[in-house]
Amino acid sequence: MRSVRHIIERVKREGFYTLFLKTADYAKREGMGGLLRRVLQEFRPPVGSSDPYQRWIQVNEPTPSDLKRQRRDSETLRLRPLISVVTPVFNPDLEVFEEMVRSVLAQTYPYWELCLANASTDERVGEIIKRYAEGYPAKIRVRFLKDNRGIAGNSNEALSLARGDFVAFVDHDDLIAPFALYEVVKAINRMPDVDLLYSDRDIVTPEGERVHPFFKPDWSPDLLLSQNYLCHLAVVRRELLDRVGGFREGFEGSQDYDLFLRITEQTDRIVHIPKVLYHWRVTRGSSSMDSEAKPYAYVSAEKALRDACLRRGWDALVEAGETKGYYRVRFLLKDRPEVCIVVLPELYDTAMTEGCVRSINENTSSEGLIVKVIATDEKMEKGWDGIEVIRAERGSETEIINSIVSSVHARILIFMRNPIRVITGRWLETLVAPLQQRHEIGAVGGRLIRTDGTVLSAGVYINRDGRLVHLHAGLPQDSPGYNGFLKYRRNVSAVTHCIALRRETFLEAGGFERGFNHYREVDLCLRLRQRNYYILYDPEASFLYEGEETEVLEDEREEFLKRWREVLSDGDPYYSPNLSEDGRFAIRM
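The present account deals with the structure reproduced in this document.

Rules and cut-offs
Residues numbered from 1 in each chain as written. Predicted model: local features only at pLDDT ≥ 70, side-chain atom pairs only at ≥ 80, totals over all residues. Heavy atoms only, no water. Helix = DSSP H or I, 4+ residues; strand = E, 2+ residues; numbered from the N terminus. Buried < 20%, exposed > 50% of the residue type's maximum accessible area, 1.4 Å probe, protein only. Contact = heavy atoms within 4.5 Å. Areas by Shrake-Rupley, 256 points an atom, 1.4 Å probe, with all protein chains shown as cover. Core = buried A, V, L, I, M, F, W, Y, C linked by side-chain atoms within 4.5 Å. Expected span 1.5 Å × (residues − 1). Salt bridge = Lys/Arg side-chain N within 4 Å of Asp/Glu carboxyl O. Phe/Tyr/Trp six-rings, centres within 6.5 Å; stacked < 30°, edge-to-face > 60°. Lys NZ or Arg CZ within 6 Å of the ring centre and 35° of its normal.

**Quick word on the overall build of the protein**
The helix and strand tally for the protein stands at 18 helices and 23 strands. The proportion of buried residues among the 589 residues of the protein is 57%. Look at the contacts in the protein between residues 6 or more apart in sequence, and 76% of them connect residues 24 or more apart. Put simply, the protein shows about 25200 Å² of open surface, and 50% of that area lies on carbon and sulfur atoms.

Given below as structure tokens:
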């Protein structure tokens with residue numbers, strides 16, 4: 001009876017079509033056998049732990065019988081590349097190091113090798129390595145170094161032993177899941193030309209408990225500029241590693257960050273595996289326990305980001321974030337772009353529009369910018385100096401907006417709904433500068449804050465049933481959010497209420513579509529993404545929202561879903577399928 005009630009509750013909550021899409025998507029990724037196993041896992045008796053992550057582990061991770069099946073299925077994969085697991089070793093805790101080696105030996109995918117470069121001064125480490133190498137001569141390759149060449153140099157020594165087509169990086173005190181390489185090779189079979197793969201990860205406490213999972217988004221170039229989110233587990237095609245020159249000395253502690261920044265300049269064939277394949281262990285001296293354990297790593301990270309900006313031709317400053325391990329790349333205005341700000345009447349209220357325009361005037365620096373504001377409001381008679389007022393009939397906003405764009409020659413357009421209030425002085429530069437310097441950025445939006453000090457929106461997550469979910473809604477505005485996502489720049493599927501983009505990009509996408517109000521900016525963002533542009537969320541541009549949140553008309557949602565159903569069926573690439581659909585980043589059960 002529990003299973004029947006469970007199904008009925010899911011259908012009521014999510015709708016039959018949404019549940020069907022999820023089932024079909026899972027079957028496509030895992031096969032019908034995998035789908036059946038998942039269904040059986042769903043209806044197991046509840047796990048005793050009240051911790052959501054422990055319940056998630058029981059429901060989502062392979063059982064012992066699944067692991068046996070993986071060993072058999074590995075031989076049926078069309079592509080069975082050799083995976084070289086590369087690990088530099090320097091004076092690890094002996095027991096912890098052995099557990100790392102055993103986690104590699106336990107892999108259900110058999111075609112791998114472990115490449116160890118040992119620079120330890122503790123002779124017992126060498127003895128352990130020799131014992132395993134003698135026990136598994138075909139699997140473990142070793143180089144004993146006469147001196148410690150630093151983490152980058154030692155990593156390159158281990159890398160020089162690798163014979164595989166792909167290289168996986170594992171630290172000497174961490175663990176990988178027994179199904180890690182199996183999942184990697186399955187992904188390679190789905191996309192044979194992939195160059196870089198990465199997975200989710202969690203943290204293992206000294207007591208052996210798995211905690212704090214990081215359920216990552218798909219490839220997000222701007223999130224990588226804010227934090228090294230790719231590492232643990234990362235797997236790279238060997239040919240690409242050789243092309244970029246491996247690890248660079250001088251970036252100790254963030255040598256992998258520097259490597260990923262260089263690799264992602266060479267390829268966009270990047271795959272995210274939304275499974276926890278890596279267990280980052282909490283040990284003494286580890287940055288997983290203490291962000292102050294390796295202060296040099298943060299200096300190296302900033303250096304790596306500055307180098308990346310120079311290589312890419314960006315005029316930008318690199319700053320440390322408020323939290324260790326987070327960074328801000330601040331793009332600078334390159335010239336004096338003409339900007340056209342269009343105020344849209346979400347509410348047909350003269351005072352509302354005047355309040356929006358007043359906040360723009362009071363909080364916008366005109367240095368280096370030529371600003372025009374065009375307000376569409378049916379009652380507003382007169383604006384401020386330089387403000388042109390265009391009267392509009394209700395429901396005709398889309399035509400008027402597109403007419404405005406065709407008549408102005410400003411390179412940058414900003415569309416702002418009239419309940420928005422500008423509250424940060426650098427908002428315009430924050431929105432405009434990335435559009436000037438990076439052609440791949442299609443649109444930029446900021447953080448929306450309610451009058452009670454909580455977050456209204458930090459980017460939009462789009463459900464498979466077409467419902468818009470505002471990320472981090474309800475959190476205090478000074479909260480870091482999920483893994484810093486609220487406070488630092490990253491890519492999202494859409495932004496709304498205030499959106500900046502180049503005029504040429506707006507025209508390329510066809511402008512705003514008639515018939516959409518609530519979905520106006522979101523529909524535009526999806527058309528930009530179809531053209532391979534990224535949507536950027538940057539919280540340094542923050543806005544106050546003084547309106548009332550309104551419900552979406554069902555007819556509008558249905559029209560949006562009709563247009564985008566196929567795209568939405570693949571899920572939102574910037575929001576993990578392992579997280580709750582309410583946009584609050586809770587673990588999905």
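From this point, the narrative continues.
**What to know about the nonpolar core**
By size, the foremost hydrophobic cluster in this structure holds 129 residues, and its most contacted members are I414, F415, W427 and F543. The dominant element in this core, judged by the number of residues it contributes, is strand β23 (residues 534-545), at seven residues. The contact partners of F543, leaving out residues within four places of it in the chain, are M416, I420, R421, V422, I423, W427, L431, G446, R447, L448, I449 and C498.

**Quick word on helix α13 (residues 350-363)**
For α13, with 14 residues, the first-to-last C-alpha span of 20 Å sits near the 20 Å given by 1.5 Å per residue. Considered for burial, the residues of α13 that qualify are M352, T353, G355, C356, V357, S359 and I360.

**Considering the pattern of salt bridges**
Under the counting rule described, the total for this entry stands at 43 salt bridges. In this structure, the salt-bridge partner of D147 is R149, at a minimum N-O distance of 3.4 Å. Using a relative accessible area of 39% as the deciding quantity, one classes R149 as partly exposed. Between R328 and D538 there is a salt bridge; the shortest N-O distance is 2.9 Å. Note that R328 is positioned in strand β11 (residues 327-331) and D538 in strand β23, a separation of 210 residues in sequence. Of the two residues, R328 and D538, both sit in the buried class. A single salt-bridge network, built from bridges that share partners, covers E319, R328, R330, R426, E429, R489, D538 and E540.

**Observations regarding the packing of aromatic side chains**
Per the counting criterion, the structure on display carries 23 aromatic pairs. With centroids separated by 5.3 Å and ring planes inclined at 75°, the aromatic side chains of F169 and F247 adopt a geometry described as edge-to-face. Placement of F169 in strand β4 (residues 166-169) and of F247 in the loop between α10 (238-244) and α11 (255-263) is noted, with a sequence separation of 78 residues between them. In terms of burial, F169 and F247 fall into one category: buried. Judged by centre distance (5.4 Å) and plane angle (85°), the ring pair of Y198 and Y229 falls under edge-to-face. In this pair, Y198 is assigned in strand β6 (residues 196-204) and Y229 in the loop between α9 (221-226) and β8 (234-237), connecting sequence segments 31 residues apart. Cluster of aromatic residues (ring-pair linked, three or more members): F214, Y461, Y482, F485, Y575 and F585. If you follow K139 out to its NZ or CZ, it ends over the ring of W112, 4.5 Å from the centre. Between K303 and the ring centre of F251, over which it is positioned, the NZ or CZ distance is 4.6 Å.

**Focus: the environment of V444**
Among the structural elements, V444 can be located in strand β17 (residues 441-450). In this structure, V444 is in contact with T430, L431, L435, V495, C498, I499, A500 and L536, ignoring residues within four places of it in sequence.

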